[in-house]
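# Structure assessment
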Amino acid sequence: MTTTNLTSFRIERWTTASVVAVCLCVAAIVALAIAPAVLGAGAVDRLTALFIYIVLAAMWNALAGYGGLVSIGQQLFFGLGAYFTIRIANLGVDPFIAMAFGAIVTTVIAYPVGRFMLKLKGGEFAIGMWVLAELAHLLVNLDTLIQGETGTSLISLNAYDIGLRRNLIYWLALATMAGLLSALFFLLRSRTGAAIQAIRDSEEAAASLGVDAIRTKRLIFVIAAGGIAAAGALWLASAISFQPKTYFSVQWTAYMIFMVLVGGIGKFEGAILGAILFFLIETWFAAAGVWYLIGLGAVALIFSLVLPKGLWGYFADRTGLRLLPVGYVVRE
Amino acid sequence: MAETAGPILLEAKGVAKRFGALQVLSGVNFTMSQGEAVGIVGPNGAGKTTFLSVLSGAHAASEGRIAFFGKDITAIPAMQRCHMGLVRTHQVPRPFSGMTVFENVHVAAVHNGGRGREAAYQATLEALDLCGMLAIANRQADTIGLLDRKRLELARALAADPKLLLLDEIGGGLTESEAEELVQTISKLTARGISVIWIEHIVHVLLKIARRLICMDAGRIIADGDPQAVMSHPEVVKAYLGGSPE
Ligand SMILES: Nc1ncnc2c1ncn2[C@@H]1O[C@H](COP(=O)(O)OP(=O)(O)OP(=O)(O)O)[C@@H](O)[C@H]1O
Ligand SMILES: [Mg+2]
């Protein structure tokens, strides 16, 4: 066996396309940050929703697409993020600060939840998370502040001027999205990111190669929970009203799954693309009511049958294009 | 028992393994020294793979103790045993199928030996080179064939910086020249001072590396020592009746 001169090999992580893509992303975020100056109130609200969708999709993709931890109970953290925001705001804390704490408290709670739930495997974990979300829903209903299914509102937001409030929530959502996406991107590119994917593909092999599977799974679980909790708090701020059954609805996870499957599971770009597609479909067809939901279901079904790697997966396979690469390519 | 050369590397005492009511290993005693290369043979279902799994920590021993470099590792998880240098391959390859060949090996390189980024790249490339996999480094692991998957098992284990390498049938299905290449690769490793335990049904390949042979049957070590003596041991001959070592 000949030993090749290894110095002629280099490891490529960034490509020209990906550098351009990152620059474009930064430019887009800057443009979005100044956009409220020219956009109408309706557009600002819609874009806020888009940012939240992107966070939800990216977090579910991190958990299931990269970590292999398929959960259908992520509404648990969405609901808790909103609930704790209400609870903390009720103490007289500024609503925006309450949102931050709502997300933080939920993230802290996610740690013991993860410790326990990650003992379950596959389908048991997926369903177990849903059961837990239902349980949390019932518990939140017991809180007299929430008034059962009647719900309550983040009334202290009314102290802010309506126009300023709309823009603040928009910027907060934009910053949360940008912050979480970059954090996730760099995490997935790191040694831990490689470990996460290895565990997804074979936990036993990963452990036999020195990967701390338990610690890594807990980490990705807590990150996904925290991101979704922040999304829940943001959703509450833009919707103002809090009804437990809306926030703890499995529909949220269904949307996350839809966005990730259509965009491309396990692809960083896929989740973002999926969220944008979902947003467009919703913008154009939501008025169709039940038919809109049936349409969503049909689209998801068609994708899983025809394009199992999602739109981005298909496109990337065809073109070899990598815009936000987390992997490694050997070049000679 | 073969005469031991260097200091003791691994010691298993009274190791037993049960899966429910199924007794797969019973009273296995085994000691090897640093720098040794030991072959394991035995009929199908003898418990060879299970023994490796108990050594590597993939399965906990039901009874008995295991020491590595003099430290009791019986209760230590697989991940830490790997960090200590006890690294295995899998008989049925377990590639990280969503990652490329390079990324598969890189996972092992960055999680062992406290390497920095460049050192990890270098270790990955070296392991790929040693296993003849550089040409397919960018292939997705779920698109490579069985032989390459076995090579990938070896490359990953090498990148994990082993002191004792546990090999489980990495040579099955190879042509004569491929087997010869594999032997060359393994002898490079032993020359570097890496100790080896190698399970293989193809005895003549095994004997190019192993100076000591163990035969397992029905969860026990039935013979241990000089390869020729082990292969002609009456119990070994009996164990192989009906089957054949080749
Ligand atoms: N995880 C498990 N659960 C239950 N039984 C198992 C498990 N792993 C192995 N066994 C059983 O233990 C026995 C020994 O299996 P093992 O794989 O160790 O044999 P082996 O000597 O490696 O055989 P082969 O040469 O076919 O690889 C077999 O009867 C097998 O069915
Ligand atoms: Mg076996």
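Because the structure is predicted, anything quoted here is derived from the model rather than measured. Each residue is numbered by its place in its chain's sequence as written, counting from 1. Here chains are named by letter from A upward and ligands by number from 1 upward, in the order in which they appear as written. Residues qualify for local features only when their pLDDT is at least 70, as the model is predicted, and side-chain atom pairs are given and counted only at 80 or more; totals for whole chains, interfaces and linings, by contrast, use all residues. To get the side-chain values, take all heavy atoms of the structure and skip hydrogens and water.

## Examining the environment of Ala191 of chain B
Examined against the element boundaries, Ala191 of chain B turns out to sit in helix α6 (residues 176-191). Remark: the alpha-carbon pair of Ala191 of chain B and Gly35 of chain B, spanning 156 residues in sequence, is separated by 8.6 Å. In this description a helix means any DSSP run of H or I spanning at least four residues, a strand means any run of E spanning at least two, and both kinds are numbered starting from the N terminus.

## Here's the deal with the pairing of strand β10 (residues 220-225) of chain B
Residue and element names in this part refer to chain B. For strand β9 (residues 212-217) and β10, the ladder comprises five bridges, and the chain directions are antiparallel. Residue pairing in the sheet places Asp217 in a bridge with Arg220 of β10. Count of turn residues in the β9/β10 antiparallel hairpin: two residues, of which Ala218 carries a positive phi of about 45°. Whether two strands pair depends on DSSP finding at least two bridges between them.

## Here we look at the site of ligand 1
Residue and element names in this part refer to chain B. Taken together, 14 residues lie around ligand 1, and Asn44, Lys48, Thr49, Thr50 and Gln91 are the ones closest in. Within the side chain of Thr50, a nitrogen or oxygen atom sits 2.5 Å from an oxygen atom of ligand 1. For every accessible area listed, the method is Shrake-Rupley and the probe measures 1.4 Å; residues are considered covered only by the protein chains on display. Burial of ligand 1 by the surrounding chains reaches 63%, relative to a free accessible area of 630 Å². If you list the elements that add at least two residues to the shell around ligand 1, you get β2 (22-33) and α1 (48-56). Throughout, the term near means that a residue has one or more heavy atoms lying within 4 Å of the molecule or strand in question. Definition of a polar contact: a pair of N or O atoms within 3.5 Å, with one able to donate and the other able to accept a hydrogen when the atoms are protein atoms, and with sequence-neighbouring residues admitted only if both atoms are side-chain atoms.

## A look at the coordination of the magnesium ion (ligand 2)
Looking at the magnesium ion (ligand 2), the protein donor atoms are Thr49 of chain B (OG1) and Gln91 of chain B (OE1), and they sit 1.9 to 2.1 Å from it. With Thr49 of chain B in helix α1 and Gln91 of chain B in the loop between β6 (86-88) and α3 (101-110), this residue pair connects regions lying 42 residues apart in the sequence. Any N, O or S atom lying within 2.8 Å of the metal counts as a donor, and for Na, K and Ca the limit rises to 3.2 Å; water is left out, so some sites can look incomplete.

## A few points about α6 of chain B
Residues and elements named next belong to chain B. Over its 16 residues, α6 extends 22 Å from the first C-alpha to the last, a length consistent with the 22 Å expected when each residue adds 1.5 Å. Every buried residue of α6 is listed here: Ala179, Leu182, Val183, Thr185, Ile186 and Leu189. On an axial view of α6, the arc spanned by its buried residues comes to 160°, and they lie on one face. For α6, the exposed residues set more than 90 degrees away from the buried face come down to Glu176, Ser177 and Ala191. Where the residues of α6 are buried, they touch α4 (117-130), α5 (146-159), β7 (164-168), β8 (195-199) and α7 (203-206). Immediately downstream of α6, the backbone of Gly193 shows phi near 95°, a positive value. Working rule for helices: expected span equals 1.5 Å times residues minus one. Buried, partly exposed and exposed residues are distinguished by accessible area as a fraction of the type maximum, computed with a 1.4 Å probe on protein chains only: under 20%, between the cut-offs, and over 50%, respectively. An arc is given here, and it is the one of the directions from the helix axis to the C-beta atoms. Whether two residues are in contact is decided by their heavy atoms: any pair within 4.5 Å suffices.

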